[in-house]
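For reference, the chains in residue letters:
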Amino acid sequence: MKIGVLSDTHLSELTPEFVKVVEEYFSDVDAVIHAGDIVGYPVYSYLEQFPLYAVRGNMDSPALQDILDAKIFFTLDKLKIGVTHGWGICYPIEENVLKEFPQANIVVYGHTHRPLIKHLPDGRLLFNPGSLKGNRPKYPPSVGLIHINGDTTVKAEIIYLTG
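Described in the following lines is the structure provided in the data block.

Conventions and cut-offs
Residues numbered from 1 in each chain as written. Predicted model: local features only at pLDDT ≥ 70, side-chain atom pairs only at ≥ 80, totals over all residues. Heavy atoms only, no water. Phe/Tyr/Trp six-rings, centres within 6.5 Å; stacked < 30°, edge-to-face > 60°. Helix = DSSP H or I, 4+ residues; strand = E, 2+ residues; numbered from the N terminus. Buried < 20%, exposed > 50% of the residue type's maximum accessible area, 1.4 Å probe, protein only. Contact = heavy atoms within 4.5 Å. Arc of directions from axis to C-beta. Pairing = 2+ DSSP bridges. Axes fitted to C-alpha atoms, helices over the stretch in contact; angles between N-to-C directions.

Here's the deal with the packing of aromatic side chains
Line of reasoning, step 1. This structure, assessed with the given rule, holds 4 aromatic pairs.
Line of reasoning, step 2. Arranged with centres 5.6 Å apart and planes meeting at 45 degrees, the rings of Y41 and Y44 form a pair that is tilted. Of this pair, Y41 and Y44 are both found in helix α2 (residues 41-47), 3 residues apart, which corresponds to roughly one turn of the helix.
Line of reasoning, step 3. Its relative accessible area of 38% is what places Y41 among the partly exposed residues.
Line of reasoning, step 4. Residue class for Y44 comes out buried when judged on its relative accessible area of 13%.
Line of reasoning, step 5. Aromatic side chains F73 and F101 sit 6.2 Å apart centroid to centroid with 10 degrees between the ring planes, which places their arrangement in the stacked category. With F73 in strand β4 (residues 71-76) and F101 in the loop between α4 (93-100) and β6 (106-108), this residue pair connects regions lying 28 residues apart in the sequence.

Some details on the environment of E100
Line of reasoning, step 1. Positionally, E100 belongs in helix α4.
Line of reasoning, step 2. By relative accessible area, which is 30% here, E100 ends up partly exposed.
Line of reasoning, step 3. In contact with E100, other than residues within four places in its own chain, are K71 and W87.

Regarding helix α1 (residues 16-26)
Line of reasoning, step 1. Turning to α1, its buried residues number three or more, namely F18, V19, V21, V22 and F26. Buried residues of α1, seen end-on, are gathered within an arc of 160 degrees and therefore sit on one face of the element. Relative to its buried face, α1 has exposed residues pointing more than 90 degrees away, namely P16, E17, K20 and E23.
Line of reasoning, step 2. Taken together, the buried residues of α1 touch β1 (2-6), β2 (31-34), α2 and β9 (142-148).

Re the sheet that holds β6
Line of reasoning, step 1. Overall, mixed pairing links the 5 strands, which are arranged β4-β5-β6-β8-β7 in an open sheet. Where the open sheet ends on each side, the last strands, each with one partner, are β4 and β7 (116-119). Each strand of the sheet is rotated relative to its neighbour by a mean of 15 degrees, with strand direction disregarded.
Line of reasoning, step 2. As paired elements, β4 and strand β5 (residues 79-84) share 6 bridges and run antiparallel to each other. Each bridged residue has a counterpart across the sheet, and for F74 the counterpart in β5 is I81.
Line of reasoning, step 3. Contacts from α4 reach β4, β5, β6, β7 and β8 (125-128) within the one sheet, and its direction differs from that of β8 by about 120 degrees.

By themselves, these observations are geometric and do not establish any function.
Encoded structure:
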């Protein structure tokens, strides 16, 4: 199973650049996870072409705030996945989001715009795809992929968007 992962797109409207990224990197995904701050309903609506697991972020429009939960927990390919946007300052955020999902095999979050792949000693994956907008100068725009093999082996990758 291949999952496309986004966070912090910060787009009010669908743009040709966003469509290009989705078409290039998510054309063969089985599902998409969005960890909040989609911002505009048209972007959410476009992503609904996929099985979509999305949460609200602190910058989402009132329309999205009304329909999206602050956190979700679900199972894909036998793995338990928790998704939240995150909150507060950046550095205690990892500990905070992990506490939200003690039973999860994979925890996905956003908010920091800082890409992260962290395999924890207990076997869990903590994953932040970064931001479609980036966080210059430290981090260029990025999206992520999570690959789940039939034996529940998990591989995550960050795709840095250049050009």
